[in-house]
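Observations on chain architecture
Listed below are the residues making up each chain.
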Amino acid sequence: MSVLIVGSTALDSIKTPKTENPRLLGGSASHAAVAASFFSPVNMVGVVGEDFPKEYLKLYRKHGIDLAGLQIKPGKTFHWSGEYELNMNNRRTLLTELGVFETFSPELPKAYQRTPFVLLANIAPALQHHVLDQSSGAKFVVADTMDLWLNIALGDLIKLLKRVDGFVLNDSEAQQLTKEDNVFNALKKIHQMGPKYVIIKQGSHGSILSGPKGLFICPAYPLKQVVDPTGAGDSFVGGMMGYLASARGSLDANLRRAMIHGSVVASFCCEGFGVNRTTKVKRADIAKRVKELEQLTRF
Ligand code: AMP
């Protein structure tokens, strides 16, 4: 089955203590779509400007990502720039130039409206609502978010939580949303807001799922060197949704393995700038790390 992914499609300029890389392919939808494409067909909805490099369009196509929902508008592509501290965890935003993203309204081509798996990657909650208004055949809808929307669009986000099956956020966002320091109490409070499945991401410490079958602790793949963690969260949830769409059987039975696959794709994302490393990965590389994680966590 296919996955519909709606989010930002950006040019990212990323600075780390070691080096600087301008105008990489970035955005929540780009990272998630590349990750999902290892497992299932992907329909992507986003917007880019006329300055968007043709080679990036080629890269999407090389991954079999359907671009019928990608709008190309007069103006500049969304440009985001961030800088990492020495520990590669703390990041500050240096610049956000919205360009064509400012007036973005996601429109689903007719053929996308019945896509069974829907990932509302990080964009304004009002736009995530607009996607759901157009979707008629979704079996499983997951939303991602960021601190910005908790600060400026909390009302829309709270309403969205009543319309989705799953919600993915990181630990500091969960704390901000629930005013709970304890991750398990935060999970409980988020369930009360609507979603049946809640996943809290904890960066290099992995993630925790809470759902009808209880809790699952998903490890991160142990990396010795992180080059650029930008998009790791998007790769995680994209990989998870792609895997779910490809798997037979019940969702509850597949979710844990799906998270492990997402975690592995996210580990590759961290090993290069932008999507540079992820786009060179083969299915066999993913399978090898999944096996390693299996061995590392069995007892
Ligand atoms: P993450 O590392 O998971 O926080 O995701 C980083 C990605 O989010 C980058 O590729 C950015 O282009 C994208 N991004 C940054 N700010 C925004 C925003 N306001 N809305 C949507 N996407 C954004």
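A brief structural summary. (Residues numbered from 1 in each chain as written. Predicted model: local features only at pLDDT ≥ 70, side-chain atom pairs only at ≥ 80, totals over all residues. Heavy atoms only, no water.)

**Brief notes about the overall build of the protein chain**
Worth spelling out the cut-off: For helices the rule is a DSSP run of H or I covering at least 4 residues; for strands it is a run of E covering at least 2, with both sets numbered from the N terminus onward. Based on C-alpha atoms, the radius of gyration is set beside the globule rule, defined as 2.2 Å times the residue count to the power 0.38. In this scheme, a residue with accessible area under 20% of its type's maximum is buried, one over 50% is exposed, and one in between is partly exposed, where area comes from a 1.4 Å probe on protein chains only. The contact criterion used throughout is that any non-hydrogen atoms of two residues lie within 4.5 Å. Shrake-Rupley sampling with a 1.4 Å probe provides the accessible areas, and residues are treated as covered by the protein chains on show and by no other component. Positive charges come from Lys and Arg, negative ones from Asp and Glu, while His and the chain ends are left out of the count. To locate a charge, take atom NZ for lysine, CZ for arginine, CG for aspartate or CD for glutamate.
Helix and strand counts for the protein chain come out as ten helices and 13 strands. Compactness check: the protein chain gives a C-alpha radius of gyration of 18 Å against a globular reference of 19 Å for 299 residues, within 12% of the reference. Across the 299 residues that make up the protein chain, the buried fraction comes to 56%. Contacts in the protein chain between residues at least 24 apart in sequence constitute 64% of all its contacts with a sequence separation of at least 6. Of the roughly 13,600 Å² that the protein chain leaves accessible, carbon and sulfur atoms contribute 51%. The positive charge centre, built from 35 side chains, and the negative charge centre, built from 27, are 8 Å apart in the protein chain.

**Details of the site of the ligand**
Stated precisely, the cut-off is as follows: Only heavy atoms are used to decide nearness, and a residue is near a molecule or strand if one of them lies within 4 Å of it. Polar contacts, as counted here, are pairs of nitrogen or oxygen atoms within 3.5 Å of one another; within protein the pair requires one atom able to donate a hydrogen and one able to accept it, and residues that are adjacent in sequence qualify only if both atoms are side-chain atoms. When residues are sorted by character, Ala, Val, Leu, Ile, Met, Phe, Trp, Tyr, Cys and Pro go into the nonpolar class, Asp, Glu, Lys and Arg into the charged class, and all the rest, Gly among them, into the polar class.
Near the ligand you find 18 residues, and of these Ser8, Asp12, Gly27, Arg91 and Gly231 are the closest. The side chain of Arg91 places a nitrogen or oxygen atom 2.9 Å from an oxygen atom of the ligand. Measuring from an oxygen atom of the ligand, one finds a side-chain N or O atom of Asp234 at 3.0 Å. A total of 510 Å² of accessible area belongs to the ligand in isolation, and the protein chains cover 87% of it. For the shell around the ligand, the secondary structure elements donating two or more residues are β2 (10–15), α4 (147–152) and α8 (232–246). Split by residue class, the shell around the ligand holds seven nonpolar, eight polar and three charged.

**Regarding the packing of aromatic side chains**
Condition: Stacked, edge-to-face and tilted are the three classes for Phe, Tyr and Trp ring pairs, Trp counted by its six-membered ring, which pair at centre distances within 6.5 Å; planes under 30 degrees apart are stacked, over 60 edge-to-face, the rest tilted. In this scheme, the term charge over a ring applies when either NZ of a lysine or CZ of an arginine sits within 6 Å of the ring centre and within 35 degrees of the ring normal.
Within the structure shown, the criterion is met by eight aromatic pairs. Ring geometry for Phe78 versus Phe101: centroids 4.6 Å apart, planes at 25°, classification stacked. With Phe78 in the loop between β5 (65–73) and β6 (79–84) and Phe101 in the loop between β7 (91–97) and β8 (117–120), the pair connects residues that are 23 residues apart, well separated along the chain. Relative accessible area serves as the criterion here: at 9%, Phe78 is assigned to the buried category. Ring centres of Phe117 and Phe140 lie 6.3 Å apart, and the angle between their planes is 65°; on these two criteria the pair is classed as edge-to-face. With Phe117 in strand β8 and Phe140 in strand β9 (residues 140–144), this pair connects stretches of sequence that are 23 residues apart. The pair formed by Phe117 and Phe140 is uniform in burial state, with each residue classed as buried. Every member of this aromatic cluster is reached through a ring pair, and the members are Phe38, Phe39 and Tyr243. When the ring centre of Phe268 is taken as origin, the NZ or CZ atom of Arg289, which lies over that ring, is 4.0 Å away.

**Notes on the pattern of salt bridges**
Short version of the rule: The rule for a salt bridge is simple: a side-chain nitrogen of Lys or Arg has to be within 4 Å of a carboxyl oxygen of Asp or Glu.
Evaluated as defined, the whole model comprises eight salt bridges. Close ionic contact of Arg23 with Asp51 constitutes a salt bridge, the shortest N to O distance being 3.7 Å. Of this pair, Arg23 sits in strand β3 (residues 20–26) while Asp51 sits in the loop between β4 (42–49) and α2 (54–62); the two residues are 28 residues apart in sequence, bridging distant segments of the chain. With relative accessibility at 39%, the residue Arg23 sits in the partly exposed group. A salt bridge links Arg163 to Asp133; the nearest nitrogen and oxygen atoms lie 2.9 Å apart. One end of the pair, Arg163, is in the loop between α5 (154–161) and β10 (166–170); the other, Asp133, is in helix α3 (residues 125–134), and 30 residues separate them in sequence. Overlapping salt bridges bring together Glu271, Arg277 and Arg289 as one network.

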